[in-house]
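One letter stands for each residue in the lines below.
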Amino acid sequence: METSRRNFLIGTSIVAGSAAVGGYHETLGKAITMQRRGEKAKDAIYGNAPLTEIIQKEGKIAFSNDYVVKPSVCNGCTTFCSVRVKIDAKSGEVVRVFGNPYSLLSSDPWLPYKTPLIESFKATSGFKESGLEMRSTACSRGNLVYEKLKDPFRVTTPLKRVGKRGEDKWASISIEQLIKEISEGGNLFGEGEVQGLKALADTKTLIDAQNPDYGPIANKLCVLGTADEGRQNYMVHRFVQSFGTVNFMGHTSICGLSMRAGEAAYLDDFATSPHMKPDFEHCEFLLSIGTAPAQAGNPFKRQAKLLAKSRTGGALRYVIVTPILTNSDSIAVGDRSRWLPIKPSGDLALVMGMIRVIIEEERYLKAYLAIPSDVAQKTLNEVSFTNASHLVIMDGVKKVRFWWMLPRWLM
Ligand code: SF4
């Protein structure tokens, strides 16, 4: 019985195996011969991927002659991560972007600045698997930004509208023509006169004598900055100041303004307006509304790594409140992460509901709210204080005078 059972199992395994191989014979054939689209792959392990830029053998680092590695900054978003770019030595083309291990925007942990360069390559290599912990990355967008260098649609000359508004017709013009038209104005679009900067270059005449607060005519010019990739302070502000307008609108005037204003108010620091980030390492519960720490909120890559570390090695539990399911929620960590789907614009109602429950059920920390200043904090030997109690100012409360509600003709 035993023998026939064994034979039966072997028989069925062969049949099942043949069926599996039969279904995937093409894929399997390519995998065995390392072929891709009919061509034999260059390398049995790495396939057709570009070879590595460094060669590490027992902790000794050598550089490939085929590539050059240069430090750079990614302009993919306003995080401006420090990165390293791998350049093909023959063609001069960028072939890969990865993080700079000295930068805390790209790595956690990051290397101290005094670490010799050669050591930085060793730290990120496979030597004793240190590259696993010291991995320094560009995000998925950062990995593709360099494609812009050879993008046929990249705008490299000034474009002037040559059709009606909305017709989407444009023509390339020279920098000289751009400067002339912007400075002098004229009938630039065949739609009547357009004022040039010359007409506004007046720092003496008021825009409106009845409203001197508007300032001189030069203030009619508002310069819109974009992300500050290093030239804004020098180029843009210098131009704004020499022209004489006070109106400059930078990236942070639009992007994240409510967050910045709230944080500046909380920290009482409107001058430097510092960013606040969750303290993942020490946090035990995080409520993230409208943002997803592994996917949004710069520095994205570092936040993602800190989140992942804290939800597995630390005490962190968190809830993400967003209309769409993001990468921040991970089934792998069980009930440590939770996604609360919400209808777009439903967050205010949610927060108001939470506040109501907190007040009605007295689920607030009374003792903490009773520490309104650093003096009280020191006296009570506590670790922090809150100015939340100042939100309710009881001094000088005016009594409601009901005669205010009477119509004027009755008084
Ligand atoms: S977060 Fe990504 S896109 Fe933004 S600067 Fe860093 S690598 Fe570039």
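Everything numeric here is computed off the predicted structure, so don't read it as measured data.

Looking at the overall build of the chain
Along the chain, the regular secondary structure elements total 13 helices and 14 strands. Here the chain holds 411 residues, and 12% of them are scored as buried. Within the chain, residue pairs in contact and separated by at least 24 positions form 38% of the contacts whose partners lie at least 6 positions apart.

Side note on the sheet that holds strand S6 (residues 82-88)
Spatially, S5-S6-S7 is the arrangement adopted by the three strands of the open sheet, whose pairing is antiparallel. Every interior strand has two partners, whereas the edge strands, strand S5 (67-73) and strand S7 (94-99), have only one. Strand-to-strand twist across the sheet, computed as the mean angle between neighbouring axes with direction ignored, equals 25°.

So, the sheet that holds strand S13 (residues 317-322)
In spatial order, the strands read S12-S13-S14; together these three strands make up an open sheet with parallel pairing. Edge strands, defined here as strands with exactly one partner in the open sheet, are strand S12 (285-289) and strand S14 (337-341). Averaged over all adjacent pairs, the angle separating strand axes in this sheet is 15°, with direction ignored.

What to know about the environment of Leu-105
You can see Leu-105 is positioned in the loop between S7 and helix H3 (117-123). Sequence separation of Leu-105 and Pro-299 is 194 residues, and the distance between their C-alpha atoms is 5.8 Å. When residues no more than four places from it in sequence are discounted, the contact partners of Leu-105 are Thr-79, Cys-81, Ser-82, Pro-299 and Arg-302.

Observations regarding the confidence of the model for the chain
Considering every residue of the chain, the mean pLDDT works out to 85; 86% of them sit at 70 or more. Predicted confidence is poor over residues 400-411, with pLDDT under 50, and the contacts of this stretch with residues over four places away or in other chains come to two contacts.

Details of the pairing of strand S3 (residues 54-57)
Both S3 and strand S4 (residues 60-63) contribute to a ladder of four bridges, which runs antiparallel. What sits directly across from Gln-56, in S4, is Ile-61.

Here we look at the site of the ligand
For the ligand, the full set of nearby residues is Cys-74, Gly-76, Cys-77, Thr-79, Phe-80, Cys-81, Ala-138, Cys-139, Arg-141, Gly-142 and Phe-300. Split by residue class, the shell around the ligand holds seven nonpolar, three polar and one charged.

Notes on the environment of Thr-291
Relative to the elements of secondary structure, Thr-291 occurs in the loop between S12 and helix H10 (300-312). Among all residues touching Thr-291, those that are not within four sequence positions of it are Ala-296 and Gly-297.

Section: helix H9 (residues 257-267)
For H9, a buried count of zero out of eleven residues is recorded, marking the element as mostly open to its surroundings. After H9 finishes, the residue Asp-268 shows a positive phi value of roughly 55°.

Side note on the nonpolar core
With 19 residues, the main nonpolar core has Cys-74, Cys-81, Val-83, Val-97, Ala-138 and Leu-307 as its most contacted residues. Elements supplying a minimum of two residues to this core: S6, H10 and S13. The dominant element in this core, judged by the number of residues it contributes, is H10, at four residues.

Some words on helix H6 (residues 175-184)
H6 sits mainly on the outside: zero of its ten residues count as buried. Note on H6: the residue one or two positions beyond its end, Gly-185, has a positive phi of about 70°.

How each quantity is defined
- Residues numbered from 1 in each chain as written.
- Predicted model: local features only at pLDDT ≥ 70, side-chain atom pairs only at ≥ 80, totals over all residues.
- Helix = DSSP H or I, 4+ residues; strand = E, 2+ residues; numbered from the N terminus.
- Buried ≥ 20, exposed ≤ 12 C-beta atoms within 10 Å, placed from the backbone.
- Contact = placed C-beta atoms within 7 Å.
- Pairing = 2+ DSSP bridges.
- Axes fitted to C-alpha atoms, helices over the stretch in contact; angles between N-to-C directions.
- pLDDT = per-residue confidence, 0-100.
- Near = placed C-beta within 6 Å.
- Nonpolar A, V, L, I, M, F, W, Y, C, P; charged D, E, K, R; others polar.
- Core = buried A, V, L, I, M, F, W, Y, C linked by C-beta atoms within 7 Å.

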